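# Coordinate analysis (summary)
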Amino acid sequence: MQGIGLRPKVHVSADGSGVIGHAGARLLADLADATGLTAAYSAALRPLRPRGTGHDPGRVATDLAVMLADGGETITDLAVLRDQGEVFGPVASTPTAWRLLACVDEGVLDRLRSARAQAREVAWLQASEDRCGIPAVQAGGREVPGLVLDIDATLITCHSEKDQAAPTYKGGFGFHPLLCFLANTGEAMSGRLRPGNAGANTAADHIAVLDDALAQIPDAHRHGTDILVRTDSAGSAKAFLTHVRDLRTRGIRTFFSVGHAVTEPVRRAIRALPEQVWHPALDQDSTLRESAEVAELTGMTDLADYPAGTRIIVRRERPHPGAQLSLFDQDEGMRHQVFLTDTPFTSGTAQFLEVRHRGHATVEDRIRCGKTTGFGRFPSRDFGINAAWLELSLAAIDLLAWTRVLLLDGELTAAEPKKLRYRILHVAARITRGGRRLHLRISATWPWRHELAAAFHRLSALPRPAG
């Protein structure tokens, strides 16, 4: 019988030279330099450099962020960069990286956040000069004006004893970080590492994460731009909503769109609604959502303790198979979801505001991708080291987001980290030298060679910050 689809025989040896793997990760390292992230980290961590010798702590932090963006999971994965010194330069050893993380206390963590904010300002200026600026969020076939911040918590399982790891409300054991992402670009604006038993609806934690996120937004955008804050029902605490409203007194135009529990007063109001006030719900492409309707409950429930102008809106729809329903939903035969917003009546119908709020679900994708970019597992027993690791993972997410916004075109502008790594970052290349230059030669048969080469060309053309 004739063999079908036989592969050619290969002979494997470990004596190759002039070849590099993960060549696309150099794009991330150069982007960190181009946005000033490396320099900002160096300035923030300069006091940690003993007597001005050894590896620059800022460069070590950048290399850790690049490694996490490239898909590394542990500090030892720095070896991927370190063992390819011809392209990535001198990279710190594993013990050096450990020592740096161990020196990061709350004060140093604040300086790292400020450094990331400086780099973000440069990246956004580069996007404005070289591209079309920060893209708008789409909802119901329309653009949502301004910026949209999505806040949500997630559970991180720990399989060993770690400082402040605790039982979670789902019966697991680990941490319960609270995170904020920018829906416009997928950037990780802020995050706080918390014990596993931390409350999901703690107003103080939401306020801290929101304030950290606002500090990341460049001044030109933080003032004078509408900023929508979206959360699930965990963010409906009155103290948090009052804080969102009070930010306007500081010149920050913040609005909220937060989930709300279907309480007994809400259930009574839903039952009292006449059929003619229900309107068809929309999908994100502006088409009608099948078997779903939206209605305004404002004025039918007591919102006296909430900020003035708060509206309450409900959506009902036929439940999909396997949906978890409350007794109320089972009685009504419909699934109900309620949210609060302080967007004025003149700025959006209930249909548009509902589909806009439903876009908050994309934060689940951000968190899922973030767990493959560093904060899915924490390296140390020490809580401080793990908090520093979370901050560097947020920087890694930013590097991937800036790569999509500044350097890529087509479908790669919306690619998740897994696709970017498979197509762009993990590509191999041959190293050659000529004309006093180091050349990375990507295989002429690699399907995405032109996209990667174009990204390097765009990177070299990015305007650099003065000094």
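What this report covers is the structure whose coordinates are included nearby. (Residues numbered from 1 in each chain as written. Predicted model: local features only at pLDDT ≥ 70, side-chain atom pairs only at ≥ 80, totals over all residues. Heavy atoms only, no water.)

## Topic: the overall build of the protein
What the protein contains, in helices and strands, is 17 helices and 17 strands. Expected size for 467 residues packed as a compact globule is a radius of gyration near 23 Å; at 25 Å, the protein falls within 12% of this value. Based on the C-alpha atoms only, the size of the protein along its principal axes is roughly 75 × 70 × 45 Å. Among the 467 residues that make up the protein, the fraction classed as buried is 50%. (Helix = DSSP H or I, 4+ residues; strand = E, 2+ residues; numbered from the N terminus. Rg over C-alpha atoms; globule rule 2.2 N^0.38 Å. Buried < 20%, exposed > 50% of the residue type's maximum accessible area, 1.4 Å probe, protein only.)

## Concerning helix H14 (residues 362-375)
Of all bends in H14, the biggest is about 30°, found at Cys369. If you follow the buried residues of H14, they end up packed against helix H3 (57-69), strand E4 (147-153), strand E5 (156-157), strand E8 (178-182), helix H15 (383-407) and helix H16 (417-425). (Bend = angle between axes of the 7 residues up to and from the residue. Contact = heavy atoms within 4.5 Å.)

## Comments concerning the state of the cysteines
Each disulfide is one covalent bond, formed between the sulfur atoms of two cysteines. Summed over the entire model, instances satisfying the criterion amount to zero disulfides. Not part of a disulfide, Cys180 finds its nearest cysteine sulfur in Cys369, a span of 16 Å. Assessed through its relative accessible area of 0%, Cys180 is described here as buried. (Disulfide = S-S within 2.5 Å.)

## Regarding the packing of helix H6 (residues 94-102) against H15
It is the contact of H6 with H15, at a shortest axis distance of 8 Å, that shows an interaxial angle of 100°. As judged from the angle between their axes, H6 and H15 are roughly perpendicular. Residue-level contacts link Trp98, Leu101 and Ala102 of H6 to Ile385, Ala388, Trp389 and Leu392 of H15. Considering only residue class, the contact of H6 with H15 consists of seven nonpolar, no polar and no charged. (Axes fitted to C-alpha atoms, helices over the stretch in contact; angles between N-to-C directions. Parallel < 35°, antiparallel > 145°, perpendicular 65-115°, else oblique. Nonpolar A, V, L, I, M, F, W, Y, C, P; charged D, E, K, R; others polar.)

## Observations concerning the pairing of strand E12 (residues 279-282)
Across a regular strand the side chains alternate sides, sitting on one face of the sheet and then on the other. Across three bridges, E12 lies against strand E13 (residues 288-296) in antiparallel orientation. Looking at the pairing, His279 lines up with Val294 of E13. Hairpin connection, E12 to E13: the antiparallel pair is bridged by five residues, and Ser286 has positive phi, about 80°. (Pairing = 2+ DSSP bridges.)

## What to know about the side chain of Thr225
For Thr225, the location among the structural elements is in the loop between helix H9 (219-222) and strand E10 (227-231). Reaching out from Thr225, the side chain makes a polar contact with the backbone oxygen of His221 at a distance of 3.0 Å. Non-local contacts of Thr225, meaning those with residues more than four positions away in its chain, are made with Gly146, Leu147, Ala220 and Arg253. (Polar contact = N/O pair within 3.5 Å; in protein donor to acceptor, adjacent residues only side chain to side chain.)

## Description of the nonpolar core
One finds Leu149, Leu210 and Phe375 to be the most contacted residues of the largest nonpolar core, which totals 121 residues. With 17 residues, the single largest contributor to this core is H15. Residues in contact with Leu210, not counting those within four places in the same chain, are Leu149, Ile151, Val229, Phe240, His243, Val244 and Leu247. (Core = buried A, V, L, I, M, F, W, Y, C linked by side-chain atoms within 4.5 Å.)

## Focus on empty space enclosed by the protein
One pass over the full model with this rule turns up one cavity of 30 Å³ or more. Size it by volume and the largest cavity reaches roughly 40 Å³. As for the largest cavity, its lining consists of Leu45, Ala61, Leu100, Leu101, Val104, Leu112, Ala388 and Leu392. Of all the secondary structure elements, the ones that give two or more residues to the lining of the largest cavity are H6 and H15. Here the residues of the lining of the largest cavity are counted per class, giving eight nonpolar, no polar and no charged. (1 Å grid on protein atoms, 1.4 Å probe; cavity = no way out; pocket = protein on both sides within 12 Å on 5 of 7 lines; lining within 4 Å. Points joined across faces, edges and corners; volume = space filled by probe spheres on them.)

## Considerations on the pattern of salt bridges
A complete count under the given rule lists 35 salt bridges for this structure. As a salt-bridge pair, Asp226 and Arg253 come within 2.6 Å of each other at their nearest N and O atoms. A residue pair is termed long-range when its members are at least 10 positions apart, and Asp226 in the loop between H9 and E10 and Arg253 in the loop between helix H10 (238-246) and strand E11 (254-260) qualify at 27 residues. Classification of Asp226 by relative accessible area gives partly exposed; the value is 25%. (Salt bridge = Lys/Arg side-chain N within 4 Å of Asp/Glu carboxyl O.)

## A closer look at the sheet that holds strand E7 (residues 173-175)
One open sheet accounts for three strands, arranged E5-E7-E6; its pairing is antiparallel. In the strand order of this sheet, the two ends are held by E5 and strand E6 (166-167), each with one partner. Here two bridges tie E6 to E7, and the two strands are oriented antiparallel to one another. Each bridged residue has a counterpart across the sheet, and for Ala166 the counterpart in E7 is Gly174.

So, to be careful, I would describe these as geometric facts and stop short of saying anything about function.
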